[in-house]
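Read off the chains here:
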Amino acid sequence: MSSVEEETLQRFLDAAARGDVNHVTTLLSQVPLIINQRGTNGWNALMMAARNGQYDVVEELLKHGCDKFSVNSSSQTAHDIAKFWGHRHICNLLGGANDVCQRVLPGVDQTPQENYFSRETLERLSEKRTDKSWMEDKERDPRTVYLLFNNLSPMVGVSQRDQGERVETKLCRLKYEDVKNLLNKPTTVLIFLGVEKRKNPLSSSTSSQKEGTSCELPAWFAVGSDEDAGELLKCCSDKCCFLKKDHRELLKLSEDDAGVVAQARSVLAWHSRYSWCPTCGSGTRVEEGGYKRSCLNSECRSQQGVHNTCYPRVDPVVIMLVIHPGGNQCLLGRKKIFPAGMFSCLAGFVEAGECVEEAVRREVEEESGVKVGPVHYVSSQPWPLPSSLMIGCLAVAMTTSITVDENEIEDAQWFPRQQVMDSLLRGDRSKLSLPPRQTIAHQLIKHWINMTSNL
Ligand SMILES: NC(=O)c1ccc[n+]([C@@H]2O[C@H](COP(=O)([O-])OP(=O)(O)OC[C@H]3O[C@@H](n4cnc5c(N)ncnc54)[C@H](O)[C@@H]3O)[C@@H](O)[C@H]2O)c1
Ligand SMILES: [Mg+2]
Ligand SMILES: [Mg+2]
Ligand SMILES: [Mg+2]
Ligand SMILES: [Zn+2]
């Protein structure tokens with residue numbers, strides 16, 4: 001960032017903190033990108049306004065589409081900051097529909113929580129998946145956006161930002177002309193992801209109007225190909241590459257891009273693992289915009305009734321922060337593959353014929369020997385590696401002695417709340433390091449800390 005840009009950003013942040021709406025609006029019209037930029041302390045304008053109770057500025061920034069989920073270096077959102085400083089009116093503004101929620105569901109925790117991989121920037125329009133001619137028109141439409149995947153890795157461009165401090169990984173958005181030859185190849189898989197969402201989803205009053213307008217909007221497709229990566233990169237004129245096969249690379253995307261990748265990658269992973277009919281072993285045909293594989297054998301049992309083998313699968317996984325009966329410690333474990341010093345929430349696949357609460361109790365007891373009583377759902381997260389749905393819970397321990405199942409985890413311990421806070425909020429990783437903010441494990445831990453700190 002040049003010194004002029006730095007100075008403009010400082011003036012913008014000061015204006016937000018002071019509540020000078022006019023100055024904020026003027027600077028926004030001159031430098032729109034400034035809206036989410038963060039100053040030296042990691043705070044953006046929304047956080048500054050939230051800290052100082054500047055209602056009008058918060059309203060103006062939201063109107064201009066600022067990112068209300070962005071976090072400062074202590075992992076706090078603007079909502080966390082407003083809550084901490086007691087600005088309830090700002091919490092309501094940042095929480096959106098909280099007032100209505102309080103009225104119809106009194107007592108329900110309203111802390112807005114959006115997990116990485118969860119953001120839906122597209123309207124899936126599932127009813128259009130069977131409309132072949134609409135789909136073909138969309139495929140050829142020059143406004144249509146194509147995302148290209150090679151062996152499940154998305155094609156990205158890499159751009160430097162913020163004086164090289166932060167490197168942003170952005171999905172390459174290709175056009176029909178770029179991919180049309182690839183689409184003709186028999187091994188290419190094409191997935192209809194949806195259409196772009198309208199700016200104001202509440203604006204149309206009837207469903208027929210909604211139908212009319214949504215269908216006009218630009219469509220997005222994912223294209224999966226296992227051909228030579230070097231050849232595929234020629235589809236794009238910009239400098240780009242395929243993300244490395246390390247799952248941490250997927251955590252470098254923006255929230256918007258991560259949401260689309262979660263959808264595309266899970267469906268493509270299903271195609272790559274389920275090429276043959278799981279019921280009779282025959283070949284299959286891709287249908288419904290990539291959301292179904294039908295068996296080619298007309299005698300196959302999967303042709304009758306609804307067969308879940310024909311649709312992309314989602315595997316439920318429970319992930320839980322277990323709280324000590326004393327209330328001031330939580331149970332964290334580590335797998336051998338974790339980086340040194342890192343501990344996380346316990347987790348495990350839900351088994352057939354098992355409810356979420358029982359899966360939590362069973363997995364915790366299997367892995368740590370601790371018996372769990374009440375279980376409370378907090379939030380969920382799609383985890384596209386390849387297609388888990390993480391179901392995040394808080395659970396209360398009934399016993400405290402730990403016996404680690406060494407086949408699954410290497411260690412499990414009770415950690416005092418203060419030590420967890422030091423790591424989470426102050427970045428002190430000398431005694432404990434936690435998973436990054438993009439994981440629901442991190443968000444569950446943060447949720448517990450927030451819940452119990454009278455913020
Ligand atoms: N987003 C997060 O914060 C986060 C944190 C922890 C774990 N996870 C994910 O949750 C998943 C499950 O956690 P875990 O490994 O502790 O589970 P787990 O404790 O159930 O143990 C995994 C074992 O369960 C068996 N298994 C049962 N059903 C399975 C299925 N449908 N697919 C694959 N294996 C199955 C396999 O033997 C596997 O080795 C992990 O794969 C990981 O990717 C995500
Ligand atoms: Mg387990
Ligand atoms: Mg486990
Ligand atoms: Mg298990
Ligand atoms: Zn079959």
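Residues numbered from 1 in each chain as written. Chains lettered and ligands numbered in written order. Predicted model: local features only at pLDDT ≥ 70, side-chain atom pairs only at ≥ 80, totals over all residues. Heavy atoms only, no water.

Draft legend 1. Region of the structure containing the overall build of the protein. In terms of helices and strands, the protein carries 15 helices and 15 strands. In terms of overall size, the protein behaves like a compact globule, its C-alpha atoms giving a radius of gyration of 24 Å where 455 residues would be expected to give roughly 23 Å. Each principal axis of the C-alpha distribution contributes one length, and for the protein these read about 65 × 60 × 45 Å. Evaluated residue by residue, the protein yields a buried proportion of 47% over its 455 residues. For the protein, the accessible surface area stands at approximately 23200 Å², while carbon and sulfur atoms represent 50% of it. Of the charged side chains in the protein, 53 are positive and 58 negative, and the gap between their average positions amounts to 1 Å. (Helix = DSSP H or I, 4+ residues; strand = E, 2+ residues; numbered from the N terminus. Rg over C-alpha atoms; globule rule 2.2 N^0.38 Å. Buried < 20%, exposed > 50% of the residue type's maximum accessible area, 1.4 Å probe, protein only. Areas by Shrake-Rupley, 256 points an atom, 1.4 Å probe, with all protein chains shown as cover. Lys, Arg positive; Asp, Glu negative; His and termini not counted. Charge placed at Lys NZ, Arg CZ, Asp CG, Glu CD.)

Draft legend 2. Structural view of the UniProt feature "domain: Nudix hydrolase" (unreviewed entry) in the protein. In the numbering used here, UniProt assigns the "domain: Nudix hydrolase" (unreviewed entry) feature to residues 312-438. Counting secondary structure, residues 312-438 comes out at 18% helix and 37% strand; the distance between its end C-alpha atoms is 24 Å. (UniProt positions renumbered as here; feature names shortened; annotations may be inferred.)

Draft legend 3. Summary view of the coordination of the zinc ion (ligand 5). Within the protein, the zinc ion (ligand 5) binds to Cys277 (SG), Cys280 (SG), Cys295 (SG) and Cys300 (SG); these donor distances fall in the range 2.3 to 2.4 Å. One can describe the donor arrangement at the zinc ion (ligand 5) as tetrahedral, given that its four donor atoms subtend angles of 99 to 117 degrees at the metal. The sequence motif formed by the donor residues of the zinc ion (ligand 5) is C-x2-C-x14-C-x4-C. Of this pair, Cys280 sits in the loop between α12 (255-273) and β8 (284-287) while Cys295 sits in strand β9 (residues 292-295), and the two are 15 residues apart along the sequence. Its relative accessible area of 36% is what places Cys280 among the partly exposed residues. The buried category is assigned to Cys295, whose relative accessible area is 4%. (Donors = N, O, S within 2.8 Å, 3.2 Å for Na, K, Ca; no water. Tetrahedral: all angles 85-135°; square planar, octahedral: opposite > 155°, others 65-115°.)

Draft legend 4. Spotlight on the UniProt feature "repeat: ANK" (unreviewed entry) in the protein. UniProt marks residues 41-73 with the feature "repeat: ANK" (unreviewed entry), using the numbering shown here. As a span, residues 41-73 carries 48% helix and 0% strand, and end to end its C-alpha atoms are 8 Å apart.

Draft legend 5. Quick look at helix α1 (residues 3-18). Between the first and last C-alpha of α1 there are 22 Å, a value that for 16 residues agrees with the 22 Å anticipated at 1.5 Å per step. Regarding α1, the residues found buried are Thr8, Leu9, Phe12, Leu13, Ala15, Ala16 and Ala17. Among the structural elements, α2 (21-30), α3 (45-51) and α4 (55-63) are those in contact with the buried residues of α1. A positive backbone phi angle near 85 degrees is found at Gly19, which sits one or two residues after α1. (Expected span 1.5 Å × (residues − 1). Contact = heavy atoms within 4.5 Å.)

Draft legend 6. Structural view of a nonpolar patch on the surface. A contiguous nonpolar patch, built from Val104, Leu105 and Val108 and spanning about 250 Å² of accessible area, is present on the exposed surface. With respect to the helices, strands and loops of the structure, Val104 is situated in helix α7 (residues 98-104). (Patch = residues over 30% accessible without salt bridge, like charges linked within 9 Å, V, L, I, M, F, W, Y side chains within 5 Å. Salt bridge = Lys/Arg side-chain N within 4 Å of Asp/Glu carboxyl O.)

Draft legend 7. Layout of the pattern of salt bridges. This model, assessed by the stated rule, comprises 28 salt bridges. Here Asp141 ties to Arg143 by a salt bridge, and the two come within 3.7 Å at their closest N and O atoms. Among the ionic pairs, Asp315 bridges to Arg313, the shortest N-O distance being 2.6 Å. A relative accessible area of 44% places Arg313 in the partly exposed class. A network of salt bridges, in which partner residues are shared, links Glu351, Glu354, Arg362, Glu363 and Glu366.

Draft legend 8. Structural view of the site of ligand 1. Around ligand 1 sit 16 residues in total, of which Lys335, Ala347, Phe349, Glu367 and Glu408 are the nearest. Between ligand 1 and Ala347, the relevant distance is 3.0 Å, taken from an oxygen atom to a main-chain nitrogen or oxygen of the residue. Looking at the shell around ligand 1, its residues break down into eight nonpolar, three polar and five charged. (Near = heavy atom within 4 Å. Polar contact = N/O pair within 3.5 Å; in protein donor to acceptor, adjacent residues only side chain to side chain. Nonpolar A, V, L, I, M, F, W, Y, C, P; charged D, E, K, R; others polar.)

Draft legend 9. Geometry of the packing of aromatic side chains. In this structure the tally under the stated criterion is eight aromatic pairs. Both rings, one in Phe117 and one in Trp383, keep their centres 5.6 Å apart while their planes meet at 80 degrees; by these two values the pair is edge-to-face. Here Trp383 lies in strand β13 (residues 372-383) and Phe117 lies in the loop between α7 and β1 (122-123), a separation of 266 residues in the sequence. There is no split in this pair, since Phe117 and Trp383 are both buried. With centroids separated by 4.9 Å and ring planes inclined at 65 degrees, the aromatic side chains of Phe343 and Phe415 adopt a geometry described as edge-to-face. Of the two residues, Phe343 sits in the loop between β11 (329-334) and β12 (346-349) while Phe415 sits in strand β15 (residues 411-416), which places them 72 residues apart along the sequence. Considered together, Phe343 and Phe415 belong to a single accessibility category, that of buried residues. In textbook terms, an aromatic cluster arises when at least three aromatic residues are bridged by ring pairs, as seen for Trp134, Tyr146, Phe192 and Phe221. Over the aromatic face of Tyr291 sits the side chain of Arg129, whose NZ or CZ is 3.6 Å from the ring centroid. (Phe/Tyr/Trp six-rings, centres within 6.5 Å; stacked < 30°, edge-to-face > 60°. Lys NZ or Arg CZ within 6 Å of the ring centre and 35° of its normal.)

Draft legend 10. Looking closely at the confidence of the model for the protein. When pLDDT is averaged along the protein, the result is 91, and 92% of the positions lie at 70 or above. Every residue in residues 202-211 is under pLDDT 50, and counting partners more than four places away or in other chains gives seven contacts. Predicted as a complex, the structure gets a pTM of 0.80 and an ipTM equal to 0.96. (pLDDT = per-residue confidence, 0-100.)

Draft legend 11. Fine view of unusual backbone geometry. Between Leu385 and the following residue, Pro386, the backbone shows a cis peptide bond with an omega angle of 0 degrees. Locating Pro386 in the fold gives a position in the loop between β13 and β14 (388-397). Positive phi outside glycine occurs at Ser75, with the angle close to 65 degrees. Not every positive phi belongs to a glycine, and Leu125 is a case in point at roughly 45 degrees. Following the sequence through the fold, Leu125 ends up in the loop between β1 and α8 (132-140).

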